[in-house]
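Residue-level listing of the chains:
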Amino acid sequence: MNMPITTVVFDCFGVLYQDAFKQFLDDHAAAMPQPRRHYYDLAKQNELGYLSDKVFYKVFSQDTGLPAEQIRDYFNDTDCLNTNVVTLLEQIKVSGRYKTAMLTNIERTFLQRFLDNHGIGHLFDVVLASSETAHVKPEREIFEALADRVGTPFGEWFFVDDSLDNVEAATSYGIRSHCFTTTDELRKALSEAGII
């Protein structure tokens with residue numbers, strides 16, 4: 001029997017934040033000398049905290065000829081915020097019935113800048129970035145680190161992520177999960193779970 005849901009956990013990038021990184025690679029593929037996989041590998045190193053923001057943006061600047069600050073601004077573009085998902089999150093928060101958390105694979109400084117730029121940090125009781133743990137989703141350890149911080153067990157979570165690998169892993173840990181595709185589908189899933 002399922003335990004009552006007490007905690008709603010959101011991924012950030014691909015759910016609240018539409019994928020500016022992928023869009024950037026799409027827009028600049030012709031100018032970039034390395035295969036796409038190379039840049040995703042750099043992003044993963046940055047997410048884990050092994051590659052600083054300064055070095056990360058310097059590589060992109062060298063490979064595209066664009067100023068590092070312009071690339072940083074592109075990744076922080078306010079148009080990349082999914083305001084429809086924010087509306088759902090606000091509904092959840094205002095209800096006062098659930099803890100809310102963010103669990104995301106990214107470098108914490110970048111994440112904090114995103115939260116500050118959009119004024120949405122207050123919507124989360126707990127925020128955990130992969131660079132704070134040296135683990136990334138779908139590794140169980142990062143979910144356990146969040147459980148320690150939020151103070152609720154996996155069986156009381158509802159987890160939203162755009163990665164099927166992350167969702168399948170979370171489900172195997174006993175977490176009710178939804179693979180994000182559209183806001184309408186997320187709204188339906190939250191409604192069916194009795195959250196909104």
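Worth saying up front: this structure is predicted, and the values here are computed from it rather than measured. (Residues numbered from 1 in each chain as written. Predicted model: local features only at pLDDT ≥ 70, side-chain atom pairs only at ≥ 80, totals over all residues. Heavy atoms only, no water.)

Peer 1: Is there a simple way to explain helix α5 (residues 83-95) in this structure?
Peer 2: Residue pairs spaced three or four apart in an α-helix point in one direction, given the helix's 3.6 residues per turn. With 13 residues, α5 should cover 18 Å at 1.5 Å per step; its first-to-last C-alpha distance of 18 Å lies within 8% of that length. Along α5, the positions that sit buried rather than exposed are Val85, Val86, Leu88, Leu89 and Ile92. Down the axis, α5 shows its buried residues gathered within 160 degrees of arc, on one side only. Where α5 is buried, its residues meet β1 (7-10), β2 (99-104) and α9 (183-192). Immediately beyond the C-terminal end of α5, within one or two residues, lies Gly96, with a positive phi of roughly 70 degrees. (Helix = DSSP H or I, 4+ residues; strand = E, 2+ residues; numbered from the N terminus. Expected span 1.5 Å × (residues − 1). Buried < 20%, exposed > 50% of the residue type's maximum accessible area, 1.4 Å probe, protein only. Arc of directions from axis to C-beta. Contact = heavy atoms within 4.5 Å.)

Peer 1: Looking at this structure, how should I read the pattern of salt bridges?
Peer 2: On inspection of all chains with the given rule, the structure shows eleven salt bridges. Here Asp11 ties to Lys137 by a salt bridge, and the two come within 2.8 Å at their closest N and O atoms. Remark: Lys137 occurs in the loop between β3 (126-129) and α7 (140-150) and Asp11 occurs in the loop between β1 and α1 (20-28); sequence separation between them is 126 residues. Judged by relative accessible area, which is 4%, Asp11 ranks as buried. Across the pair Arg37 and Asp41 runs a salt bridge, and its minimum N-O distance is 3.2 Å. Taken together, the residues Arg37 and Asp41, both in helix α2 (residues 36-47) and four residues apart, mark about one turn of the helix. Here Arg37 falls in the exposed class, since its relative accessible area comes to 53%. Within the structure, one salt-bridge network assembled from shared partners comprises Asp53, Glu69, Arg72 and Arg113. (Salt bridge = Lys/Arg side-chain N within 4 Å of Asp/Glu carboxyl O.)

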